[in-house]
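Examining the three-dimensional arrangement
As a plain string of letters, each chain reads:
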Amino acid sequence: MTVLEAIQKSADFLAGRGVESPRLQAELLLAHRLGLPRLKLYLNFERALTVAETDAFREWVRRRSRREPLQHILGSTSFCGFDIAVSRRALVPRPETELLAELGWKWLARRASANAPDVTALDLGTGSGCIAIALAAKCPSAKIAATDVSPGALALARDNAAKNKVAGRIAFLQGDGFAAFRPAGQVAQAPNQKPENGDGDSEDPLLQEFDLIISNPPYIPSAEIETLQPEVRDYDPREALDGGADGLDFYRRFAAQAKPFLKPDGKLMLEFGDGQAEAVRRIFENEKWIVEAVKEDYSQRARILIATAASRSRGNTGG
Ligand SMILES: C[S@@+](CC[C@H](N)C(=O)[O-])C[C@H]1O[C@@H](n2cnc3c(N)ncnc32)[C@H](O)[C@@H]1O
């Protein structure tokens, strides 16, 4: 079978199984299998595949036809240019979240150069670690903490930090919401919290107030999870998706609990779902936050809230 025949046959097969963009998916799988950039396939259409190549490719196509996400089959994905390993342990990083990470590291870098040599950030619900890794790599003077309720996600995040050479700059902590932290003045560490520093060293694992708190929390209404594409419903962890009855549970928690963990003039940056902008804004305004901006994603849909804690604000630091 030639490269072109393999692509055409698999694209038809995947289309029949309801896979979106089946030709592109077939090309990406084959290119990865052959170790070629996808566009190079076009110069190799007449090349005959070996039996081993055909068998291995067929197995990948079979997995994709069962709606396993492309990224799980390939084993990794790119996030802001960083190679992030993916598995069932954590949400596959989404392109929309790259914008959140970029807003975060740009603000953090400005803050660092303006007035604070050791700026701090917390990525709450770190999943694969993608946001924390991007912040650590793009803002080398920042100290980053990353938490998740899921030990499996944290293990994956630690591996990803090591792979991207920022493990020593991120403190990984397991905990529900802010449970791994205590506001300044209170006892530092709850007995059941286990700090896990990326390089195995325990330097400063608990940062108690942050310049930036950033998060892409679960925001799918519970009842909608069953209606999602199989790639999401059956492969992303439920705890990465489920935002409670109306999808907004985590925004209520942030609005009620985040202020003591934010430095004066610090920023809270949160991703939310398409169509949730007004409800999320109301939740924060009701808790006396100043909503500074609601940013749109690349398809002009409102997806990111930027807020400061009104009662703790000491003026504008830009952003
Ligand atoms: C939507 S995923 C985002 C993962 C990653 N930050 C990203 O953008 O790809 C939400 C993450 O929050 C974590 N999570 C869910 N409930 C949590 C809780 N109560 N406390 C801390 N993390 C939680 C999930 O395990 C999951 O990793």
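Residues numbered from 1 in each chain as written. Predicted model: local features only at pLDDT ≥ 70, side-chain atom pairs only at ≥ 80, totals over all residues. Heavy atoms only, no water.

Considering the pairing of strand S3 (residues 120–124)
Among the five residues that make up S3, five are buried, leaving the element largely enclosed by the rest of the structure. Burial of S3 is two-sided: the residues Thr120, Leu122 and Leu124 facing one way and the residues Ala121 and Asp123 facing the other way are all buried. Looking at chain direction, S3 and strand S4 (residues 143–148) are connected through five bridges and run parallel. Looking across to S4, one finds that Asp123 is bridged to Ala146. Between the parallel elements S3 and S4, the chain passes through helix H6 (residues 130–138) in a crossover that is right-handed. Two strands pair when backbone bridges link them, and S3 and strand S7 (residues 210–215) are joined in this way by three bridges, in the parallel orientation. Bridge pairing links Ala121 to Leu212 in S7. (Buried < 20%, exposed > 50% of the residue type's maximum accessible area, 1.4 Å probe, protein only. Helix = DSSP H or I, 4+ residues; strand = E, 2+ residues; numbered from the N terminus. Pairing = 2+ DSSP bridges. Right-handed = clockwise from strand over helix to strand, strands pointing away.)

Remarks on the site of the ligand
As a matter of local geometry, the ligand sits amid 22 residues, with Gly125, Asp148, Asp176, Gly177 and Asn216 nearest to it. Note that an oxygen atom of the ligand is positioned 2.6 Å from one of the side-chain N or O atoms of Asp148. The contact in question runs from a nitrogen atom of the ligand to an N or O atom on the backbone of Val149, over 3.3 Å. Contact with the protein chains removes 95% of the 600 Å² of surface that the ligand exposes when unbound. Put simply, the parts of the chain that give the shell around the ligand at least two residues each are H6, helix H9 (238–241) and helix H10 (249–257). Grouping the constituent residues of the shell around the ligand by class yields ten nonpolar, eight polar and four charged. (Near = heavy atom within 4 Å. Polar contact = N/O pair within 3.5 Å; in protein donor to acceptor, adjacent residues only side chain to side chain. Areas by Shrake-Rupley, 256 points an atom, 1.4 Å probe, with all protein chains shown as cover. Nonpolar A, V, L, I, M, F, W, Y, C, P; charged D, E, K, R; others polar.)

Treat this as a map of the structure, not an account of what it does.
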